[in-house]
Amino acid sequence: MQTIYLIGFMGSGKSTIGVRLADKLGKSYVDTDEFIVNTSQQKIADIFKNFGEDTFRNYETKAIKEVSNYEVVSTGGGIVEKSDNLQIMKNNGLIVYLHASFDEISNRLEKDQTRPLWKSNDEEKLKLYRRRLSMYKQYADHIVHTDGKTVDDIIQEIENYIS
Ligand code: S3P
């Protein structure tokens, strides 16, 4: 089976959906952020704070290479920032983009303190969202619109797509 890669903006539900999808399909699952935390023994916020975003992106590329034998992979929202990552995912599987509107994401992440790139002002966040949006759309093999849908609805849509 090809690996199913879930991509999308922070707070779009990639981890929640990934765990449940893999469970339903009886497939192996990994989250690249968790993989980075476990292998580096550092929190993501600490990697950003101590070494900067570029170092985190290098960890991320190493992670996406190393998880290629998993069947369902949830990625960090910035996985699209490096073309190497996209090439690896394209060569190894299918990319499913979980699209959520900016308003939905803002609601979900209203109290979030863990994501370094969600700490800027609203204008910066919207700018990042818009820039990423076009990348997610460009690289997705399939787009699932998630606003107003239940986890079960979303999983069913992904299952329909891959079957
Ligand atoms: C990031 C998203 C985060 C995490 C890091 C950077 C991004 O993952 O990888 O904070 O650049 O969008 P989630 O998408 O799981 O929040």
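These figures come from a predicted structure and were not determined experimentally.

Asks: Explain the packing of aromatic side chains to me, and be specific about the residues and the numbers.
Replies: All told, the structure shown has 6 aromatic pairs when counted by the stated rule. Between Phe 48 and Phe 56, the ring centres sit 5.0 Å apart and the planes meet at 35°, which makes this aromatic pair tilted. What makes Phe 48 buried here is its relative accessible area of 16%. For Phe 56, a relative accessible area of 4% translates into the label buried. Ring geometry for Phe 102 against Trp 118: centres 6.1 Å apart, planes inclined by 55°, an arrangement best described as tilted. On the criterion of sequence distance, the pair formed by Phe 102 in helix H6 (residues 102-108) and Trp 118 in the loop between H6 and helix H7 (122-139) is long-range, its members being 16 residues apart. Three or more aromatic residues link up through ring pairs in this structure, and these residues are Phe 9, Phe 102, Trp 118 and Tyr 129. Taking the ring centre of Trp 118 as reference, the NZ or CZ of Lys 125 above it sits at 4.5 Å.

Asks: Go over the packing of helix H1 (residues 14-25) against helix H8 (residues 151-162) with me, naming the residues and quoting the values.
Replies: Direction vectors running N to C along H1 and H8 enclose 60°, while the axes themselves pass 10 Å from each other. On the basis of the axis angle, H1 is oblique to H8. With respect to the hand of their crossing, H1 and H8 are arranged in right-handed fashion. Side by side, H1 and H8 meet where Thr 16, Ile 17, Arg 20, Leu 21, Lys 24 and Leu 25 of the first sit next to Val 151, Asp 152, Ile 154, Ile 155, Gln 156, Ile 158, Glu 159 and Ile 162 of the second. The class makeup of the residues in the contact of H1 with H8 is 8 nonpolar, 2 polar and 4 charged.

Analysis parameters
- In every chain, residue numbers begin from 1 and rise along the written sequence.
- With the structure being a predicted model, the display of local features is reserved for residues of pLDDT at least 70 and the display and counting of side-chain atom pairs for 80 or more, all residues being used for whole-chain, interface and lining totals.
- Only heavy atoms go into the side-chain values, all of them from the structure, while hydrogens and water stay out.
- Between rings of Phe, Tyr and Trp, where Trp is taken as its six-membered ring, a pair exists when centres lie within 6.5 Å; planes separated by under 30 degrees are stacked, by over 60 edge-to-face, and by other angles tilted.
- Burial here depends on accessible area, computed with a 1.4 Å probe over protein chains only, as a share of the maximum for the residue type. Under 20% is buried, over 50% is exposed, and the range in between is partly exposed.
- Labels follow the DSSP assignment, with helices taken as runs of H or I lasting at least four residues and strands as runs of E lasting at least two, numbered in each case from the N terminus.
- Both a distance and an angle decide whether a charge sits over a ring: NZ of Lys or CZ of Arg must be within 6 Å of the ring centre and within 35 degrees of the ring normal.
- For helices, the axis comes from a line fit to the C-alpha atoms of the stretch in contact; other axes are also lines fit to C-alpha atoms, and the angle between any two N-to-C directions lies between 0 and 180 degrees.
- Any angle that is under 35 degrees is reported as roughly parallel, and any over 145 degrees as roughly antiparallel; angles of 65 to 115 degrees are reported as roughly perpendicular and all others as oblique.
- Crossing handedness follows the turn of the near helix against the far one: under a right angle anticlockwise gives a left-handed crossing, and clockwise gives a right-handed one.
- For this analysis, residues touch if any pair of their heavy atoms sits within 4.5 Å.
- Throughout, the ten residues Ala, Val, Leu, Ile, Met, Phe, Trp, Tyr, Cys and Pro are labelled nonpolar, Asp, Glu, Lys and Arg are labelled charged, and all others, Gly among them, are labelled polar.

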